[in-house]
Amino acid sequence: MADTQPTGTGNPLDAYTPAQMAERVETVGLAKVGMPFLQTLTLGMLAGAFIAFGAMLYTLVMTQHGLGLGPARLLGGTAFSLGLILVVVGGAELFTGNSLIVMAWAERKVSLGRLGRNWGIVYLGNFIGSIGSVILVWLAGTMQIGDGAMGQTAAAIAAGKLALGPVEAFARGILCNALVCLAVWLCFAAHDVTGKILAIVPPIAAFVALGFEHSVANMYLIPAGMVAAGEADIAGFVANLVPVTLGNIVGGGVFVALVYWVCYLRGK
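Residues numbered from 1 in each chain as written. Predicted model: local features only at pLDDT ≥ 70, side-chain atom pairs only at ≥ 80, totals over all residues. Heavy atoms only, no water.

For the chain, an unreviewed UniProt entry supplies the name Formate/nitrite transporter family protein and the organism Ferruginivarius sediminum. Taken from UniProt, the Subcellular location (unreviewed entry) comment for the chain reads in full: "Membrane". Comment text from UniProt for the chain, heading Sequence similarities (unreviewed entry), reads "Belongs to the FNT transporter (TC 1.A.16) family." (UniProt positions renumbered as here; feature names shortened; annotations may be inferred.)

Below is the structure:
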């Protein structure tokens, strides 16, 4: 949407205030639930592919990095930020970010049915885009970079995710999407592309470095790792994706969207 609202100081270069950001998030949420099926699905597929690009770069950066634990994870998280930058700046529909539509639902401007419809279509689109990216990476031979070292890293990443218990996966999903939705939330304070990119990188780098779980990223990372390892664990994939997805909903929809709704929109 156009950046036409005045800011608190009257200076058009100042960031939007949190109250203005809340109104903008609500407006965008209304537009999202009103999109036709095909447009929503296609934009969801793009988002799945965009997050996969970030996950690909993350996998490469984490391969034979020669750095300590903290620096390597921070560098990998910064690389992974590419995914959300493409989603926000390029324009796509990401399930985790769309948790912020809960603000419009809390205002009773969006029904639970329309909210669920958007989430369902976007989630499906994200999944299709992610799996399509896995297939293309396999066909491209990307996992053979470094004499197969990248494939070994991909397999190790997937194995680590599959080893998580449901409670741990759920908790990591909450923490992850709190940071992802905060990154998207901060973008609503920006007036230009540079501001949005600077708002995205720190929260995304933090969630990746801390090992939190992102459902859409896992739609790529786990299948890609299984392909690299030559082993398919569909049951394990589903067992990871379900609690992570539920955690993402709580982290973004409750801990970010509902909290900011209470702070800035409730009763207004």
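Now, onward.
This part covers the pattern of salt bridges. One pass over the full model with this rule turns up 4 salt bridges. One salt bridge connects Glu93 with Lys32, and the closest N-O pair in it is separated by 2.7 Å. Residue Glu93 is located in the loop between helix H4 (82-90) and helix H5 (102-106), and its partner Lys32 is located in helix H1 (residues 18-33); the two are separated by 61 residues in the primary sequence. Overall, Glu93 belongs to the buried group, its relative accessible area being 5%. With its nearest N and O atoms 3.1 Å apart, the salt bridge here joins Lys161 to Glu213. (Salt bridge = Lys/Arg side-chain N within 4 Å of Asp/Glu carboxyl O. Helix = DSSP H or I, 4+ residues; strand = E, 2+ residues; numbered from the N terminus. Buried < 20%, exposed > 50% of the residue type's maximum accessible area, 1.4 Å probe, protein only.)

Further remarks concern the packing of aromatic side chains. Enumeration over the complete set of coordinates arrives at 6 aromatic pairs. With a centroid separation of 4.9 Å and an interplanar angle of 80°, the aromatic rings of Phe95 and Tyr123 are classed as edge-to-face. Placement of the pair is Phe95 in the loop between H4 and H5 and Tyr123 in helix H6 (residues 112-140), with a sequence separation of 28 residues. Given the relative accessible area of 3%, Phe95 is considered buried. A centroid spacing of 6.1 Å and a plane angle of 20° characterise the contact between Tyr260 and Tyr264, whose relative ring orientation is stacked. With Tyr260 and Tyr264 both in helix H11 (residues 234-264) and 4 residues apart, the pair spans about one turn of that helix. Among the aromatic side chains, those forming a connected cluster through ring pairs are Phe95, Trp119 and Tyr123. Residue placement shows Arg24 over the ring face of Tyr16; its charged tip is 4.2 Å from the ring centre. (Phe/Tyr/Trp six-rings, centres within 6.5 Å; stacked < 30°, edge-to-face > 60°. Lys NZ or Arg CZ within 6 Å of the ring centre and 35° of its normal.)

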